[in-house]
Protein chains: 2
Amino acid sequence: MATWKNAVPEASAQFDRKREVLIREAAASFNRRGYYGTSLTEIAKKLGVTKAALYTYVPSKEELLYYCHDSAMDTAVEIVEAAQQGGGTGLQKLTRALRSYLEMMLGEDGSYVVLLEEHAMKPAHMKAIIKRRDQFEAALRSFVTDGIADGSIVPCNPKLAIFMVTGALNWSRKWYRPDGNWSGPQIAYALTQMLERSLSSSPSDQMLDDPGLFDPDMDEETLMAAVVEPRTAEGRRRPA
Amino acid sequence: MATWKNAVPEASAQFDRKREVLIREAAASFNRRGYYGTSLTEIAKKLGVTKAALYTYVPSKEELLYYCHDSAMDTAVEIVEAAQQGGGTGLQKLTRALRSYLEMMLGEDGSYVVLLEEHAMKPAHMKAIIKRRDQFEAALRSFVTDGIADGSIVPCNPKLAIFMVTGALNWSRKWYRPDGNWSGPQIAYALTQMLERSLSSSPSDQMLDDPGLFDPDMDEETLMAAVVEPRTAEGRRRPA
DNA sequence: CCTACCGATCGGTAGG
DNA sequence: CCTACCGATCGGTAGG
């Protein structure tokens, strides 16, 4: 007799799950071909259904784009909060945030982080997204001002600094190839290191000149020793 | 009797000029609303003609996008060549290239530098553009390897370094507001300074914390003195 | 350089 | 979740 009671949340979970898959698939397509360059028919075909079926989960194409942006902001906020709770100097918090942001973006479902074409949304949706993004950027800027105050970051303009780092990070989606020589975590480490150097009050004179040398399981000392050590021509690449 | 002879080049010049205006207008629209989000009717309206008139100057919308990309690459190549001929260390050449690239991009007709949606072009056009862009990036990378060799740049991965700086630069189009607090040259100076710091073998411990302080006519010493000096709340902004 | 039109494709809906 | 369809808009062309 309890069957009816259980059936409701199960069905609802199914619905939510499908909706989430739709959003990720849409975001990937919007990223690849642009909002106007992607038809709902294409998205539906990838999901094995017809266009009409999509309207069970979203009321319009525009709203689908809005959901994509909103999901991306959920992730961004999580990353900033985790970086904040990790503690340490301003520079450490910033570096941590940048690295996990990049790892996420270059990871499996990273393509769903939509960044462009906010103008395609209707004004109310656009304002909501821009507001959330401003909060994200403000959190990153606070790491910079923290760092300037605690001496870990060189005095600079926080606004410009954050524009610089987010630009460098977001651009990675344009050139990153999952089947290339470098893995996501390797690029995340090496790129973050370069950006950290531009802001650190005590910039390292040792940089990772081959991202392929980085191993997620390696500790900092071993890695830095590898940088100066002689090594084989192709170095160590794509560690499991 | 010479009238006829002169009329031909004049007409041809008129044609070329109009074509150029069309390309810039199209590039600005493509940048704003995307390739698929921009109709030829919109572009035509901005130029005060009808859509059909555009076909006198370009054979198709796709070809118009190709011309946009190609013009942008012309400018990029010019900038790199000028930076090369200026001489100096690898770091100096790189910094010079980045700064003029940014000044151009934030300048009056800068919006015509199209960067995205290469996939909208047919394969042959896409290949041609990607080839030219690779040459541009290779030139920038050579500045980095020059710099590592002459000791002005810290040992690093040139490919990653150029991806980082181009990302930071290209992203500026997303946030730059011509009517904002900072002028194009001011941002170009301050942002380039930050990027230079990430690669320099002797990173400055003095950064321009307010881009508004920068005056194109100011020499380096006066500027750096202004950075440490006390100043009025709003600093000096938007010098003529 | 314009008016008038074409075939194709789009987002969205009706009805089941 | 599908078939079948709608009005609107697109890129491109004919003919002048």
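Data block above holds the structure.
Residues numbered from 1 in each chain as written. Chains lettered and ligands numbered in written order. Predicted model: local features only at pLDDT ≥ 70, side-chain atom pairs only at ≥ 80, totals over all residues. Heavy atoms only, no water.

A few words on the relation of the copies chain A and chain B. When chain A is brought onto chain B, the operation consists of a screw motion whose angular component is 180° and whose axial shift is 0.0 Å, with 0.0 Å RMSD remaining. Expressed as an axis order, the relation between the two copies is that of a two-fold axis. Looking at the rotation axis and the C-alpha trace of chain A, the residue lying nearest is A:Ser198, at 1.9 Å. Comparing interface residues between copies, 100% of those in chain A also sit at the interface in chain B, which points to an isologous, same-surface contact. (Least-squares fit on C-alpha atoms with pLDDT ≥ 70 in both. Contact = heavy atoms within 4.5 Å.)

Taken together, the neighbourhood of DNA strand C is formed by 15 residues, with A:Leu40, A:Lys51, A:Tyr55, A:Lys61 and B:Thr50 sitting nearest. If you look at DNA strand C and keep only atoms within 4 Å of the protein, 57% of those are sugar or phosphate atoms. For DNA strand C, a phosphate oxygen lies 3.1 Å from a polar atom in the side chain of B:Lys18. When residues of the surface near DNA strand C are traced back to their parent elements, those giving at least two are helix H3 (51-54) of chain A together with helix H3 (51-54) of chain B. Residues of the surface near DNA strand C, tallied by class, amount to seven nonpolar, five polar and three charged. (Near = heavy atom within 4 Å. Polar contact = N/O pair within 3.5 Å; in protein donor to acceptor, adjacent residues only side chain to side chain. Helix = DSSP H or I, 4+ residues; strand = E, 2+ residues; numbered from the N terminus. Nonpolar A, V, L, I, M, F, W, Y, C, P; charged D, E, K, R; others polar.)

Around DNA strand D there are 15 residues in total, and A:Thr50, B:Leu40, B:Lys51, B:Tyr55 and B:Lys61 lie nearest to it. With respect to DNA strand D, the side chain of A:Lys18 contributes an N or O atom lying 3.2 Å from a phosphate oxygen. Contacts to DNA strand D include B:Tyr55, whose side-chain N or O atom sits 2.7 Å from a phosphate oxygen. Elements that contribute at least two residues to the surface near DNA strand D include exactly H3 of chain A together with H3 of chain B. Looking at the surface near DNA strand D, its residues break down into seven nonpolar, five polar and three charged.

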